[in-house]
Amino acid sequence: MRPLDPLPTLEAALRGKPAPDVCALLDALDSSLSEPCERAALTFGRGALAFRDGRSEAAREAFALAADGFDALGELEAAALARCEEWLARIRRGGVPLEHGGAGARFSDARASLEALAEAATTERVAVVARHYLGTAERAAGNLEATQRSLLQALSSSAGMLPERAPILNSLGTIYVLTGAYGAATSLLEHAAELARCLGDVVGEAIAFGQLGSAALARGDRELARRHLRRQEWLASRVGDTFGRARALVLLAELALELARPDEARAIADEAFALATSVHPPLAVWAAQAVRVSGRARLELGDPAGAQALEDAAQRFAAAGNRLGGALVAWDRSRHGLADAWDVAAWELASLGLEQRLALLFLERRAAADGATFDAALAAVTQPFEHLSAAHELELLHRRPDALASETTRRVRAGRSLARLAAMGLAPRGLVVAAFAHPSLVAPSVPDAAGQGVVVGGAPSLAVWAWRGDVSAGDLAREVAEMRSQLPELRAVLAWFSAGRVVAPPLRGEPSATLDGVDLEPLYATVFAASAGSLTVLGEVAALTLVRDAWEAAVTR
């Protein structure tokens, strides 16, 4: 039995009715119910309303009482589900989301308890809900991989459990928004919104549209983002979802600032702050975000009180342990000349993995400084965001076309290298691997279209190349010789690995490809100990004798 099964009218009201209507129903039921199971369900319903209203501590207390009541009646499934909700309320009460840099130790008790509930579950429904909330706890603790693992386990087991499945879709879609997998996020969130609508779950539908708004913002579609966020705010206001409304209003206020509407932004931000502080305990992070946006808007309107608002926001973020908020306030102070903390903001945003925010900071900072300093960094961090990459390219086209030409050449070569690595993963086992060392190798070299090799790793002064095992001796000799003709004092070591293969090419930001059946340590030890201009072949490989001959001939050209 689910906790609200004895009171289906209350369950329906909690999903789609305004708070006053739900309160009236709770009062009416309170005066008419006498069965212990119904009384436990009523207590659970009071907790669900408190949770919806943002009163997480009141919700936790009610869920705990309901769980005790169901336990006493022997309703084990309902009791376990109420315990899950109690832990979710605990997480929300003290939660610091993943994108805000939460500290894992604060949620160890929630994670352990939810794991135990999942393992001891007597029904599949309890296991699904416990796994879902375990994912929420992992997210609050900042463990992204564990979050996805728990949510995917919950989703895979939730077939036929539509009331439980819709929130899982929302949670997983939210994670994919945070990690930049916008295609997966949009698909999951659209599914969640439709499912929630069919179930009459207004809160769940509001959550889905809020995250769809975040995904649209990340892709640069401001108008679509505004529509989604407005829908979240409207849906949340219908049922008194304080958390959802506060979130939507803060993001709408930020969007108004981006659209150069500081007066509108200030009004919306002040409304969001009043809402976030209207519950107990207050929604600390969203209150701080609202104060920050209001402070920015005031400064842009010429109101010096905005500086104090930013100071207030910084203190609120620090009290909540919110690193993202602190970084954003440092950025705000720098842009308004209140401090010189660009580098502090940039480092924090980078450490939190927020490439898009970092790209926006770089774009803004470049306009006020020597743009050349930021061009290479922008080329890297705007890669996943087409609208920002296009803005960067357009700026270079008009200001530094030579830099744009260099960047596009690098991109083509890097793309070729990545494509070759992907294709090598399908080839039969067998790799020729070479390590090159020279002081002028400041970054891994990237092969041209005529070559057969590909870079699999490297560092300053070191490059590691690989060729398919069926590469011809002539092609191999020619490419190695070309390297030495450019750098006569280059040191090189070659080896044949019959079981070698490329397992996976590197993703953006990873330093090297993943190899199997290749031991690089002997190559590194040999190349760094070798004399300038030397070539060493490890093992007796007859096909590599041509390479040695070409190597020696390269310096006589």
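Quick note: structure is the one above.
Residues numbered from 1 in each chain as written. Predicted model: local features only at pLDDT ≥ 70, side-chain atom pairs only at ≥ 80, totals over all residues. Heavy atoms only, no water.

Q: Got a minute to help me understand the overall build of the protein in this structure?
A: When helices and strands are tallied, the protein shows 25 helices and seven strands. Each of the three principal axes of the protein carries a C-alpha extent, and together these read 100 × 60 × 35 Å. Out of the 557 residues belonging to the protein, those deemed buried represent 49%. A separation of at least 24 residues holds for 61% of the contacts in the protein among residues at least 6 apart in sequence. Of the roughly 24300 Å² that the protein leaves accessible, carbon and sulfur atoms contribute 54%. Of the charged side chains in the protein, 57 are positive and 68 negative; the average position of the first set lies 2 Å away from that of the second. (Helix = DSSP H or I, 4+ residues; strand = E, 2+ residues; numbered from the N terminus. Buried < 20%, exposed > 50% of the residue type's maximum accessible area, 1.4 Å probe, protein only. Contact = heavy atoms within 4.5 Å. Areas by Shrake-Rupley, 256 points an atom, 1.4 Å probe, with all protein chains shown as cover. Lys, Arg positive; Asp, Glu negative; His and termini not counted. Charge placed at Lys NZ, Arg CZ, Asp CG, Glu CD.)

Q: Whenever I open this one, the sheet that holds strand 1 (residues 431-437) confuses me. Can you help?
A: Sheet strands pair by backbone hydrogen bonding; their relative direction is either parallel or antiparallel. Spatial strand order, 2-3-1-4-7: five strands in an open sheet with mixed pairing. Because the sheet does not close on itself, it has two edges, and the strands there are strand 2 (454-459) and strand 7 (535-538). Across the sheet, the mean angle separating the axes of adjacent strands is 20 degrees when strand polarity is ignored. Two elements, strand 2 and strand 3 (residues 462-468), share five bridges in a ladder whose sense is antiparallel. Within the sheet, the bridge partner assigned to glycine 458 lies in strand 3 and is alanine 463. Relative to the sheet, helix 22 (residues 401-424) contacts strand 1, strand 2 and strand 3, its axis offset from that of strand 2 by approximately 115 degrees. Seen against the sheet, helix 23 (residues 473-486) touches strand 1, strand 3 and strand 4 (491-497) and runs at an angle of roughly 165 degrees to strand 3. (Pairing = 2+ DSSP bridges. Axes fitted to C-alpha atoms, helices over the stretch in contact; angles between N-to-C directions.)

Q: Help me understand the environment of alanine 112 in this model?
A: Of note, alanine 112 is situated in helix 6 (residues 108-119). On the accessibility criterion, alanine 112 (49% relative accessible area) is partly exposed. Separated by 25 residues in the primary sequence, alanine 112 and alanine 137 have C-alpha atoms spaced 9.6 Å apart.

Q: Please explain the side chain of arginine 2 as it appears in this structure.
A: Within the secondary structure, arginine 2 sits in the segment before helix 1 (8-16). A residue is classified by how much of its surface remains accessible, and arginine 2, at 19% relative accessible area, is buried. Side-chain polar atoms of arginine 2 contact the side chain of glutamate 11, separated by 3.1 Å. With sequence-adjacent residues up to four places away left out, arginine 2 is seen in contact with Glu11, Arg15, Glu77, Ala78, Leu81, Arg125, Pro163 and Glu164. (Polar contact = N/O pair within 3.5 Å; in protein donor to acceptor, adjacent residues only side chain to side chain.)

Q: Help me understand unusual backbone geometry, please; the structure alone is not making it clear to me.
A: Glycine aside, residues mostly have negative phi angles, and peptide bonds mostly take the trans form. Cis geometry is found at the peptide bond from histidine 280 to proline 281, where omega equals -10 degrees. Along the polypeptide, proline 281 turns up in the loop between helix 14 (262-276) and helix 15 (284-300). Residue alanine 260 is not a glycine yet carries a positive backbone phi of 60 degrees. As for its placement among the helices and strands, alanine 260 is situated in the loop between helix 13 (242-258) and helix 14. The exposure class assigned to alanine 260 is exposed, which follows from its relative accessible area of 61%.

Q: Please clarify how the nonpolar core should be interpreted in this entry.
A: The tendency in soluble globular proteins is for nonpolar side chains to be buried side by side. Counting 52 residues, the largest nonpolar core has Trp331, Leu349, Leu361 and Phe362 as the members making the most contacts within it. Among the elements that take part in this core, helix 11 (residues 202-218) stands out by supplying eight residues, more than any other. Among the nonpolar cores identified, the runner-up in size contains 46 residues, and Phe51, Val126, Leu134 and Ala141 belong to it. (Core = buried A, V, L, I, M, F, W, Y, C linked by side-chain atoms within 4.5 Å.)

Q: Please clarify how the pairing of strand 1 should be interpreted in this entry.
A: Consecutive side chains of a regular strand alternate in pointing toward one face of the sheet and then the other. Among the seven residues that make up strand 1, seven are buried, leaving the element largely enclosed by the rest of the structure. Both faces of strand 1 are covered, namely the face carrying Leu431, Val433, Ala435 and Ala437 and the face carrying Val432, Ala434 and Phe436.

Q: Is there a simple way to explain the environment of alanine 350 in this structure?
A: Tracing the chain through its elements places alanine 350 in helix 18 (residues 342-351). Accessibility expressed as a relative area gives 40% for alanine 350, which makes it partly exposed. Residues alanine 350 and glutamate 264, spaced 86 residues apart in sequence, show a C-alpha to C-alpha distance of 30 Å.

Q: Sorry if this is basic, but what is going on with the packing of helix 9 (residues 162-178) against helix 11 here?
A: The description of two helices packed together rests on the angle between their axes and the distance between the axes. Following both chains from N to C, one finds helix 9 and helix 11 inclined at 15 degrees, their axes separated by 10 Å at the closest point. Here helix 9 is positioned roughly parallel relative to helix 11, judged by the angle of their axes. Considering only the axes of helix 9 and helix 11, their crossing is left-handed. From helix 9, Asn170, Thr174 and Val177 reach across to helix 11, where they touch Gly204, Ile207, Ala208, Gln211, Ser214 and Ala215. Looking at the contact of helix 9 with helix 11, its residues break down into four nonpolar, five polar and no charged. (Parallel < 35°, antiparallel > 145°, perpendicular 65-115°, else oblique. Left-handed = near helix turned anticlockwise from the far one by under 90°. Nonpolar A, V, L, I, M, F, W, Y, C, P; charged D, E, K, R; others polar.)

Q: Just to check I follow, could you spell out the packing of helix 3 (residues 36-53) against helix 4 (residues 56-73) for this structure?
A: For the pair helix 3 and helix 4, the least separation of the axes is 8 Å and the interaxial angle reads 160 degrees. Viewed along their axes, helix 3 and helix 4 adopt a mutual orientation that is roughly antiparallel. For helix 3 against helix 4, the interelement crossing comes out left-handed. On helix 4, the residues that touch Pro36, Cys37, Ala40, Ala41, Thr43, Phe44, Arg46, Gly47, Ala48, Ala50 and Phe51 of helix 3 are Ala58, Ala59, Ala62, Phe63, Leu65, Ala66, Gly69, Phe70 and Leu73. Grouping the constituent residues of the contact of helix 3 with helix 4 by class yields 16 nonpolar, three polar and one charged.

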